[in-house]
Amino acid sequence: MNTVEIICRSCGADTLLNREAVYDGLLKVGEKLMCSSCGHTYANEAEVPFKSHEPEPSIFTDADRSAKVEVFDEGENKRICRYCANYTVNPFTQFCAVHKTEVQATDTCGQFERAEEKDDADRLL
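Description of the structure in this document. Nothing here was measured: the structure is a model prediction, and the numbers come from that model.

## Looking at the overall build of the chain
Turning to step 1, where the next piece is worked out: Tallying secondary structure elements over the chain gives 1 helix and 7 strands in all.
Turning to step 2, where the next piece is worked out: Listing each helix as α and each strand as β along the chain from the N terminus yields β-β-β-β-β-β-β-α.
Turning to step 3, where the next piece is worked out: Sorting the 125 residues of the chain into buried and exposed places 18% on the buried side.
Turning to step 4, where the next piece is worked out: Long-range contacts, defined as pairs at least 24 residues apart, comprise 40% of the intrachain contacts of the chain with a sequence gap of at least 6.
Turning to step 5, where the next piece is worked out: As displayed, the chain has an accessible area near 10000 Å², and 51% of this comes from carbon and sulfur atoms.

## A few points about the pattern of salt bridges
Turning to step 1, where the next piece is worked out: One pass over the full model with this rule turns up 5 salt bridges.
Turning to step 2, where the next piece is worked out: The shortest N-O distance in the salt bridge between E45 and R19 comes to 2.8 Å. On the criterion of sequence distance, the pair formed by E45 in the loop between β4 (41-42) and β5 (87-89) and R19 in strand β2 (residues 14-24) is long-range, its members being 26 residues apart.
Turning to step 3, where the next piece is worked out: A residue is classified by how much of its surface remains accessible, and E45, at 39% relative accessible area, is partly exposed.
Turning to step 4, where the next piece is worked out: Put simply, D62 and R65 hold a salt bridge, and the shortest N to O gap is 3.2 Å. The same class applies to D62 and to R65, which are both exposed.
Turning to step 5, where the next piece is worked out: A single salt-bridge network, built from bridges that share partners, covers E5, D14 and K51.

## Quick word on the environment of V4
Turning to step 1, where the next piece is worked out: Considering the arrangement of structural elements, one finds V4 in strand β1 (residues 2-7).
Turning to step 2, where the next piece is worked out: In the structure, V4 is positioned 12 residues away from L16 in sequence and 5.3 Å away in space, judged by C-alpha atoms.
Turning to step 3, where the next piece is worked out: Setting aside residues up to four positions removed in sequence, V4 forms contacts with T15, L16, L17, R19 and F50.

What counts as what
- Residues numbered from 1 in each chain as written.
- Predicted model: local features only at pLDDT ≥ 70, side-chain atom pairs only at ≥ 80, totals over all residues.
- Heavy atoms only, no water.
- Helix = DSSP H or I, 4+ residues; strand = E, 2+ residues; numbered from the N terminus.
- Buried < 20%, exposed > 50% of the residue type's maximum accessible area, 1.4 Å probe, protein only.
- Contact = heavy atoms within 4.5 Å.
- Areas by Shrake-Rupley, 256 points an atom, 1.4 Å probe, with all protein chains shown as cover.
- Salt bridge = Lys/Arg side-chain N within 4 Å of Asp/Glu carboxyl O.

Listed below in structure tokens is the structure:
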């Protein structure tokens, strides 16, 4: 059942419009539009007295928003272990082949070597 706010012409109530599907066997043939307060039925969508919604006033403007925060300089985030040729991932650990230690994808070091572009599915194999 889909509901929308209306002001009923029959009872005058500020209420909801009920939309009930009308079926002929298993085939939907239309909708029945009714006031949820008094049960008055409307013949079609044009006859329904919908309640108009005025937009709410905006409290804040674009001038009130903070500036966009840039965490990394251009290309700086491409020097992390995740993009290094020596970075190895398996189901149990993330490993650096140069330092022979466990690392995290966001770690960095001075021996960074850019890996050739692969999608993540190939990296896991």
